[in-house]
Amino acid sequence: MTRGKAVEVFNVSKRFGDYQALDHVDFTIQENEFFTLLGPSGCGKTTLLRMIAGFETPSEGAIVLFGQEIDRLPAHKRHVNTVFQSYALFPHMTLAQNIAFGLENLGWDKPRREVRVAEMLELVHMTAFASRRPDQLSGGQRQRIALARALAPEPKVLLLDEPLSALDLKLRQAMRDELRALQRQTGITFIFVTHDQKEALDMSDRICVLGQGRVQQIGTPAEIYEEPENRFVADFIGETNFLDAEVIALDGARARIRTPLGLEFDAAQKGLSGPGPATLSLRPEKIGLQEQATGNVLTGTIRSRNYMGGYTHFVVETGGASLRVSRRNAVSQAESYAVGQEVRLGFRDESVRVLAR
Amino acid sequence: MRGARIWGLVPAWVLMLATLMVPLLIVAAVSVAERGSYGGFAWDFNPLSYREILFSEDWDGNLVFDPKYLAIIGRTLLLAGATTLICMALALPVAYVIATRPPKTKALLIYLVTLPFWVSMIVRVYAWLIILGSEGFVGRFWHWIGGEGTLLFTPGAMLVGMVYSYIPLMVLPVFAAIEKLDPALLEAGADLYGSRWTTARRVILPLTWPGLAAGAVLVFVPALGTVLEPMLLGGGKQMMMGTLIQTQFGGARNWPFGAAVALVLMAMVVIVLVINARRSIRKEARA
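Here the structure is a predicted model, which means the values were calculated and not measured.

Rules of the game
- Residues numbered from 1 in each chain as written.
- Chains lettered and ligands numbered in written order.
- Predicted model: local features only at pLDDT ≥ 70, side-chain atom pairs only at ≥ 80, totals over all residues.
- Contact = placed C-beta atoms within 7 Å.
- Helix = DSSP H or I, 4+ residues; strand = E, 2+ residues; numbered from the N terminus.
- UniProt positions renumbered as here; feature names shortened; annotations may be inferred.
- Domains from an automatic or database assignment.
- Nonpolar A, V, L, I, M, F, W, Y, C, P; charged D, E, K, R; others polar.
- Buried ≥ 20, exposed ≤ 12 C-beta atoms within 10 Å, placed from the backbone.
- Core = buried A, V, L, I, M, F, W, Y, C linked by C-beta atoms within 7 Å.

Caption draft 1: Representation of the interface of chain B and chain A. In this assembly, 15 residues from chain B lie in contact with 16 residues from chain A. Contributions of two or more residues to the side of chain B that touches chain A are made by helix 9 (183-191) and helix 10 (196-224) of chain B. No other element matches the six residues that helix 9 of chain B contributes to the side of chain B that touches chain A.

See the structure below:
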């Protein structure tokens with residue numbers, strides 16, 4: 001399927017005084033894509049979103065929306081809508097008036113507005129609440145109305161600024177599914193800002209990981225998780241074990257490595273230019289214990305055990321390194337490994353990612 | 001416990017009683033007393049002062065309706081009302097600009113708004129006497145564009161002085177109301193295709209209404225009783241209720257009539273305050 005370009009960010013930088021919020025950020029978002037800007041707080045993700053909305057201007061670079069450069073276009077002339085983190089519903093208006101606000105400003109006539117408002121209320125299952133005011137709603141309901149209000153004017157791009165962060169856990173999960181479904185249903189490009197990697201992995205077509213104002217990696221959730229391109233991404237997304245190692249030979253994307261644990265094997269690498277010191281990233285769930293220990297096998301001692309419900313997390317000490325190991329509680333045998341017990345652990349070559357130190 | 005709480009209020013009650021209720025009762029008593037032969041008053045019950053507000057005796061001793069004091073009341077209401085409206089219109093953009101500055105600039109600007117309070121009111125009104133006078137820059141400009149006579153001693157001069165004197169009382173509550181607004185609401189206005197003007201009219205204005213109402217009371221009430229501006233800038237030619245009361249107690253030495261006008265003025269103030277109180281009670285009930 002060929003898709004047009006919805007948003008192109010060309011080499012955008014933003015400085016606030018001495019503070020470099022964004023440093024030469026460059027990427028393209030496709031039409032009809034659920035695109036997530038993911039990063040820790042202060043990474044510049046919200047600043048980037050606000051630039052697309054028109055609330056901030058880039059210090060350098062350009063933003064292009066459906067082929068049109070929008071840097072000089074004020075916010076109220078950009079055909080994008082925002083779901084604000086605080087929802088920013090107008091407290092003095094009913095929900096129907098809130099949803100109709102954008103349509104009025106676009107000059108829609110009354111009958112058309114009414115049809116659209118009813119449609120939107122139905123879309124978010126809030127029809128019965130049309131004449132209520134925002135302060136009479138729960139957090140989740142406000143969230144829905146904020147969505148309806150932003151979707152009503154049929155924006156080309158919907159911007160979502162951490163919209164789920166104010167909701168409790170259960171509701172957040174439900175809203176994730178709803179948001180994803182809404183995006184598929186409407187076919188609108190969603191740009192979703194979050195610091196929550198689980199949200200990002202769950203919902204996105206593609207994720208852009210931002211750190212220290214720079215793009216760290218752009219890719220599908222699986223690429224981001226399985227093939228992190230640098231230490232920052234491997235560390236920020238999910239849990240991982242970092243191990244110091246020595247690259248003894250390099251052949252394109254493969255590296256021959258030797259670890260202080262005494263193992264020598266080939267693994268996928270990224271960002272290395274030649275032999276020398278490197279870092280290994282090895283996800284806790286990719287290490288097998290006892291009978292599941294295959295590939296490179298070591299022995300170690302269990303130092304701690306944390307029961308997490310679906311998983312049990314172990315810390316295993318082996319040859320001076322502590323490895324975090326996560327084991328799915330498929331059968332309730334996780335209990336059977338006790339703290340202090342000697343275990344075999346193993347991982348396969350393909351589970352290891354070699355990164356620049 | 002309950003008793004202790006009541007006793008704690010005693011100082012406040014004593015203060016209110018001694019400085020407000022007792023003087024008020026004295027004024028009320030004076031307003032229905034007889035005018036003294038040599039000024040002051042005599043303790044004879046006589047509600048004639050109130051009649052005098054609306055009627056006067058002609059040469060033959062007949063009562064005729066005389067609107068001269070009603071005109072003063074009307075002028076007072078008009079000037080106070082105009083002052084309030086102009087203050088609102090000027091304070092909104094000023095308060096908006098201040099509220100949207102960075103914190104340090106904001107503190108400085110608010111300090112500047114309150115700066116005039118550091119100088120005596122009389123001095124400040126005198127300053128306008130000079131500015132508007134034929135040697136002042138506004139007066140000179142007036143002559144330069146071909147204006148005739150003087151700008152002073154007109155209702156316009158009074159209005160300028162009153163707006164100047166009372167506008168900080170409007171800026172501060174409006175500023176507080178705008179500052180409380182979630183900036184995201186203004187962004188939402190723009191995000192949903194509202195121009196600056198639309199956002200100001202449909203989002204900022206309705207949400208700062210409580211601040212404007214509070215400012216209106218703070219400006220309108222003292223503006224009703226204003227004395228300095230009509231005396232100095234109005235040249236005493238345009239009598240207002242404040243100056244009327246002042247002359248009755250002073251030059252005219254008609255204390256009962258002065259007291260009666262003072263009570264009418266107070267009644268007007270109380271009406272404004274009651275309306276405002278009802279409004280805020282309704283609002284509390286809704287919230």
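That shown, we press on.
Caption draft 2: Structural detail: the UniProt feature "domain: ABC transporter" (unreviewed entry) in chain A. With numbering aligned to this structure, UniProt lists the feature "domain: ABC transporter" (unreviewed entry) at residues 7-237 of chain A. The span residues 7-237 of chain A is 36% helix and 27% strand, and its two end C-alpha atoms sit 25 Å from each other.

Caption draft 3: Representation of the domain arrangement of chain A in the model. Residues and elements named next belong to chain A. As assigned here, chain A comprises domain 1 (5-231) and domain 2 (239-355). Spacing between the C-alpha centres of domain 1 and domain 2 amounts to 38 Å. Each partner contributes to the interface: domain 1 provides five residues, whereas domain 2 provides six residues. Looking at the side of domain 1 that touches domain 2 residue by residue, the class counts come to one nonpolar, one polar and three charged.

Caption draft 4: Structural detail: helix 1 (residues 45-53) of chain A. Residue and element names in this part refer to chain A. The element helix 1 is largely enclosed, with a buried count of eight among its nine residues. Listed as buried for helix 1 are Lys-45, Thr-46, Thr-47, Leu-48, Leu-49, Met-51, Ile-52 and Ala-53. The positive-phi residue at the C-terminal boundary of helix 1 is Gly-54, with phi of around 105°.

Caption draft 5: Structural view of the nonpolar core. Counting residues in hydrophobic clusters, the biggest one holds 150 residues, and the most contacted among them are Ile-52, Ala-148 and Ile-191 of chain A. Sorting elements by how many residues they give to this core places helix 8 (residues 155-180) of chain B first, with 15 residues. The two domains that each donate at least three residues to this core are domain 1 (5-231) and domain 2 (239-355) of chain A. Excluding its chain neighbours within four sequence positions, the residues that come into contact with Ile-52 of chain A are Val-7, Ile-63, Val-80, Leu-159 and Ile-191 of chain A.

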